Amino acid sequence: MVSGKQNARTIAVGAAALSLAITGSLISTSASAMDDMSFFITSAGPGKGGDLGGLEGADAHCASLAAAAGSEKTNWKAYLSLTAKIDRSGDSPKVIPGVDARDRIGSGPWHNAKGVLIASSVAELHSDANAINLENGLDEKGMPVNGRGAQPNKHDILTGSTPQGQYSTAGGDTTCSGWTSSGEGSAIVGHHDKVGLSEDRHMVSWNSAHGSAGCGADALPRTGGDGLFYCFAGE
C-alpha cells in the first residue's frame with residue numbers, strides 16, 4: 001500500500017519533471033526563434049548620432065549586436081541608402097552611384113527575434129503587407145522599441161530612403177553625409193510603430209516619414225529618434 005508521504009513525493013517529482021520539460025521547451029523555442037532571427041531594430045546606435053561609420057560601420061554594428069544576442073548569422077546589413085553624388089574635382093564631372101537600402105538586404109524572408117514573419121520578399125517588405133509595427137518591430141534581444149507616446153520616443157529609425165527603399169533624389173542631405181556626420185545635416189527616418197502626427201501616408205511609413213532635425217546625438221531626439229536603424233540578414 002502506498003503511503004500519503006510516498007504519494008506526495010511522487011506528485012512533487014512529477015511536477016518538477018513537468019516544470020523542467022516546460023522550461024526546456026520554452027528555452028528551445030526561444031533558441032529556435034533566435035536562430036531564425038533575420039530582422040531587428042538596433043537596441044542602441046553606435047553613439048555618435050547619424051555618424052554610423054558609413055555603411056560598413058553600420059553593418060558591423062548590426063553584426064556585433066546580433067552576435068551578442070546569440071545569433072550565429074554573420075551577413076548582417078543595415079537598411080540604409082546612400083545618395084548618388086557628382087564629383088567635380090577632375091577635368092570632367094563624374095557620377096558616384098548611390099546605394100539603395102532595398103538592394104542590400106537579400107531577398108527574404110525575414111523574421112524577428114520571436115519568430116514572427118516580417119516580410120517574405122523585398123516586394124512585400126515595401127508594401128502595406130509587411131508586419132513592421134510597434135509589436136513586431138523588436139530589437140535584437142526581442143524587446144520592444146519605444147514608439148510615439150512612450151518616454152523617450154524612439155520611433156524615428158534612420159533609413160535615408162524613399163518608401164520603396166531607394167536613395168532620395170530630392171536634393172539636400174538625406175543620409176547625414178553618407179552616415180558620417182554627427183553634427184550638421186539631416187537623414188530621412190521611418191516610424192517603426194507606423195504612427196505619426198497624422199494619418200498621412202508619409203507619417204505612417206516605416207521607412208520614409210520625414211527628415212531628422214539634425215545628425216547629432218542631441219538633435220535626433222527632437223523629432224523622436226535615438227540613432228537606431230534596421231538590420232536584416234542578407235544572403
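Residues numbered from 1 in each chain as written. Predicted model: local features only at pLDDT ≥ 70, side-chain atom pairs only at ≥ 80, totals over all residues. Heavy atoms only, no water.

**Let's talk about the state of the cysteines**
Phase 1: One pass over the structure, following the stated rule, counts 2 disulfides.
Phase 2: Two residues share a disulfide in this structure: Cys-62 and Cys-231, whose sulfurs sit 2.0 Å from each other. With the S-S bond torsion at -80°, the cross-link from Cys-62 to Cys-231 turns out left-handed. Taken together, the positions of Cys-62 in helix α2 (residues 54–68) and Cys-231 in strand β10 (residues 225–233) put the pair 169 residues apart, joining distant regions of the chain.
Phase 3: The partner cysteine of Cys-176 in its disulfide is Cys-215, sulfur to sulfur 2.2 Å. When the S-S torsion is -100°, as for the bridge of Cys-176 with Cys-215, the disulfide is left-handed. (Disulfide = S-S within 2.5 Å. Helix = DSSP H or I, 4+ residues; strand = E, 2+ residues; numbered from the N terminus.)

**Quick word on the packing of aromatic side chains**
Phase 1: Counted according to the given criterion, the structure contains 8 aromatic pairs.
Phase 2: A ring pair is formed by Trp-206 and Tyr-230, whose centres lie 5.2 Å apart and whose planes are at 70°; its orientation type is edge-to-face. In this pair, Trp-206 sits in the loop between β8 (188–191) and β9 (210–211) while Tyr-230 sits in strand β10, placing the two residues 24 residues apart along the sequence.
Phase 3: Judged by relative accessible area, Trp-206 falls into the buried class, the value being 5%.
Phase 4: Using a relative accessible area of 0% as the deciding quantity, one classes Tyr-230 as buried.
Phase 5: Ring pairs connect the aromatic residues Phe-39, Tyr-79, Trp-110, Trp-206, Tyr-230 and Phe-232, which therefore count as one cluster. (Phe/Tyr/Trp six-rings, centres within 6.5 Å; stacked < 30°, edge-to-face > 60°. Buried < 20%, exposed > 50% of the residue type's maximum accessible area, 1.4 Å probe, protein only.)

**A few points about the pairing of β8**
Phase 1: Residues Ile-188 and Gly-190 point to one face of β8 and Val-189 and His-191 to the other, with burial holding for every one of them.
Phase 2: Note that strand β7 (residues 156–158) and β8 share 3 bridges and pair antiparallel. Directly across from Asp-156, in β8, lies its bridge partner His-191. (Pairing = 2+ DSSP bridges.)

**Section: α2**
Phase 1: Taking 1.5 Å per residue, 15 residues should reach 21 Å; α2 reaches 21 Å between its end C-alpha atoms and fits that length.
Phase 2: All of the buried residues along α2 are Gly-54, Leu-55, Ala-58, Asp-59, His-61, Cys-62, Leu-65 and Ala-66.
Phase 3: Contacts made by the buried residues of α2 are with β1 (39–41), β2 (76–78), α4 (176–179) and β10.
Phase 4: Within two residues after α2, Gly-70 carries a phi angle of roughly 105°, on the positive side. (Expected span 1.5 Å × (residues − 1). Contact = heavy atoms within 4.5 Å.)

**Some remarks on the pairing of β10**
Phase 1: The buried count for β10 comes to 8 of 9 residues, which makes it a mostly enclosed element.
Phase 2: Relative to β10, β1 is paired through 3 bridges, and the arrangement is antiparallel. For Ile-41, the partnering residue across the bridge sits in β10 and is Tyr-230.
Phase 3: Across 3 bridges, the pairing between β7 and β10 is parallel. Bridge pairing in β10 links Asp-156 to Gly-225.

**As for the pattern of salt bridges**
Phase 1: Within the structure shown, the criterion is met by 3 salt bridges.
Phase 2: Linking Lys-77 and Asp-59 is a salt bridge whose minimum nitrogen-to-oxygen distance equals 3.7 Å. One end of the pair, Lys-77, is in strand β2; the other, Asp-59, is in helix α2, and 18 residues separate them in sequence.
Phase 3: Given the relative accessible area of 11%, Asp-59 is considered buried.
Phase 4: Each of Asp-59, Lys-77 and Arg-104 takes part in one network of salt bridges that share partners. (Salt bridge = Lys/Arg side-chain N within 4 Å of Asp/Glu carboxyl O.)

**A short note on the side chain of Ser-38**
Phase 1: Tracing the chain through its elements places Ser-38 in the loop between α1 (4–36) and β1.
Phase 2: Here Ser-38 falls in the buried class, since its relative accessible area comes to 5%.
Phase 3: Look past the residues within four positions of Ser-38 in its chain and what remains in contact with it is Lys-73, Trp-76, Pro-109, Trp-110, His-111, Cys-231, Phe-232 and Ala-233.

**A closer look at the environment of Phe-40**
Phase 1: Tracing the backbone through its elements, the reader meets Phe-40 in strand β1.
Phase 2: Between the alpha carbons of Phe-40 and Lys-141 there is a distance of 8.6 Å; along the sequence they are 101 residues apart.

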